Amino acid sequence: GFAPTETIALLVHLQELSGAIAAVQARALVHLEATVKEECRRREETPQQALKIARSEASKALKQSKSCAGQSMASCRRLVHSMPGMLGALARGQVVAPSVHRVARTMGPATPEQRTLVDEILTAHLPHLEGCGPEEWSGEAERVLHGIDPRGAAARHRTAKKERSVTVRRSEHGMCTVTARLTGLDRARIRKGLSLAAEKARAHGDRRGHQQIMAD
């Protein structure tokens, strides 16, 4: 029986609550990693073994794959240790969790000091970025980082290139999704080649849609 304004207020409060939960979850993941490392140290196990155990436990708790749990743990570590402003904005519901974690992943190649500087600048710009999505937040974080350390751009690119990959995920109704993580230059070349081939096929009477021809 809620009126539209009441329903909107409910949604706002739920969004704030989900942000607060996500912030607590980030701290809990970092705490889990630290306690597992301490236990492994007492058992004289290696840091690699400790990280593997922590990811496994996080995977079970979050019901995620170990790979996803490891990525979540890494982004949470950056937020908790170096980016308190973004973590606080998440806790207050000013930024959604996907945007905050995307920023943290973007800061992967940066030093802790650089992450803190970027965090301060992004937090100061929060009123202008509050309605942005993960892509826009990530782009802004990258621009700020480049402004702080333009000379390090080449090194960051070399680091990012090591993450080149292709993943194939099953989709619904007999379909799948293929994702390739490539350099921006390769992306532009592939996109242009596929688009030109589709336009040429359409010009010769192919009645399939442009995107269908690109996929085929």
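As the structure is a computational prediction, the values presented were derived from the model and not from experiment. (Residues numbered from 1 in each chain as written. Predicted model: local features only at pLDDT ≥ 70, side-chain atom pairs only at ≥ 80, totals over all residues. Heavy atoms only, no water.)

## Looking at the environment of threonine 116
(1) Moving on: As for its placement among the helices and strands, threonine 116 is situated in helix H6 (residues 112-124).
(2) Moving on: A residue is classified by how much of its surface remains accessible, and threonine 116, at 29% relative accessible area, is partly exposed.
(3) Moving on: Distance from threonine 116 to glycine 85, taken between C-alpha atoms, is 8.7 Å for residues 31 residues apart in sequence.
(4) Moving on: At 3.1 Å, the side chain of threonine 116 forms a polar contact with the backbone oxygen of serine 82. (Helix = DSSP H or I, 4+ residues; strand = E, 2+ residues; numbered from the N terminus. Buried < 20%, exposed > 50% of the residue type's maximum accessible area, 1.4 Å probe, protein only. Polar contact = N/O pair within 3.5 Å; in protein donor to acceptor, adjacent residues only side chain to side chain.)

## Brief notes about a nonpolar patch on the surface
(1) Moving on: The grouping of Phe2, Leu10, Leu11, Leu14, Leu17 and Ile21 at the surface amounts to a nonpolar patch, some 600 Å² of accessible area in total.
(2) Moving on: Tracing the chain through its elements places leucine 14 in helix H1 (residues 4-42). (Patch = residues over 30% accessible without salt bridge, like charges linked within 9 Å, V, L, I, M, F, W, Y side chains within 5 Å. Areas by Shrake-Rupley, 256 points an atom, 1.4 Å probe, with all protein chains shown as cover. Salt bridge = Lys/Arg side-chain N within 4 Å of Asp/Glu carboxyl O.)

## Comments concerning helix H8 (residues 134-148)
(1) Moving on: Compared with an ideal rise of 1.5 Å per residue, which puts 15 residues at 21 Å, H8 spans 21 Å between its outermost C-alpha atoms and is within 8% of the ideal.
(2) Moving on: All buried positions along H8 are accounted for by Trp137, Ser138, Gly139, Glu140, Ala141, Val144 and Leu145.
(3) Moving on: Those residues of H8 that are buried lie in contact with helix H4 (84-91), helix H5 (97-106), H6, helix H7 (126-129) and helix H9 (153-161). (Expected span 1.5 Å × (residues − 1). Contact = heavy atoms within 4.5 Å.)

## Details of the layout of surface pockets
(1) Moving on: The volume enclosed by the largest pocket comes to roughly 1,800 Å³.
(2) Moving on: Mapped by element, the contributors of at least two residues to the lining of the largest pocket are H1, helix H2 (47-62), helix H3 (66-82), H5, H8, H9, strand S1 (165-170) and strand S2 (176-181).
(3) Moving on: Examining the composition of the lining of the largest pocket, we find that 10 residues originate from one element, H3, more than from any other.
(4) Moving on: Split into classes, the residues belonging to the lining of the largest pocket amount to 13 nonpolar, 19 polar and 14 charged.
(5) Moving on: Lining of the second largest pocket is provided by 13 residues; of these, Ala180, Leu182, Arg187, Ile190 and Leu194 occupy positions nearest its centre. (1 Å grid on protein atoms, 1.4 Å probe; cavity = no way out; pocket = protein on both sides within 12 Å on 5 of 7 lines; lining within 4 Å. Points joined across faces, edges and corners; volume = space filled by probe spheres on them. Nonpolar A, V, L, I, M, F, W, Y, C, P; charged D, E, K, R; others polar.)

## Digging into the nonpolar core
(1) Moving on: Leu79, Met86, Val103, Met107, Val118, Leu122 and Trp137 are the most contacted members of the largest nonpolar core, which has 33 residues in total.
(2) Moving on: At 7 residues, the largest contribution of residues to this core is made by H1.
(3) Moving on: Leaving out residues up to four positions away in the same chain, methionine 86 has contacts with Leu79, Val100, Val103, Asp119, Leu122, Thr123 and Trp137. (Core = buried A, V, L, I, M, F, W, Y, C linked by side-chain atoms within 4.5 Å.)

## Some thoughts on H5
Counting along an α-helix, one turn takes 3.6 residues, and residues three or four places apart therefore face a common direction.
(1) Moving on: Those residues of H5 that sit buried are Ser99, Val100, His101, Val103, Ala104 and Thr106.
(2) Moving on: In the core, the buried residues of H5 are packed alongside H3, H4, H6 and H8.

## A word on the side chain of threonine 183
(1) Moving on: Among the structural elements, threonine 183 can be located in the loop between S2 and helix H10 (184-203).
(2) Moving on: Side-chain polar atoms of threonine 183 contact the side chain of aspartate 186, separated by 3.0 Å.
(3) Moving on: Here threonine 183 is in contact with His157 and Lys161, once residues within four sequence places are set aside.

## Re the pattern of salt bridges
(1) Moving on: All told, the structure shown has 11 salt bridges when counted by the stated rule.
(2) Moving on: A salt bridge links arginine 41 to glutamate 38, with the shortest nitrogen-to-oxygen separation between them at 2.6 Å. In this pair, arginine 41 and glutamate 38 both sit in helix H1, 3 residues apart, roughly one turn of the helix.
(3) Moving on: Classification of glutamate 38 by relative accessible area gives partly exposed; the value is 32%.
(4) Moving on: In this structure, the salt-bridge partner of arginine 208 is aspartate 206, at a minimum N-O distance of 2.4 Å.

## Topic: the packing of H2 against H3
(1) Moving on: Contact pair H2 / H3: the axes reach a minimum separation of 8 Å and the direction vectors enclose 105°. Between H2 and H3, the interaxial angle falls into the category roughly perpendicular. Facing Leu51, Ala54, Arg55, Ser56, Ala58 and Ser59 of H2, the residues of H3 in contact are Lys66, Ala69, Gly70, Met73 and Arg77. (Axes fitted to C-alpha atoms, helices over the stretch in contact; angles between N-to-C directions. Parallel < 35°, antiparallel > 145°, perpendicular 65-115°, else oblique.)

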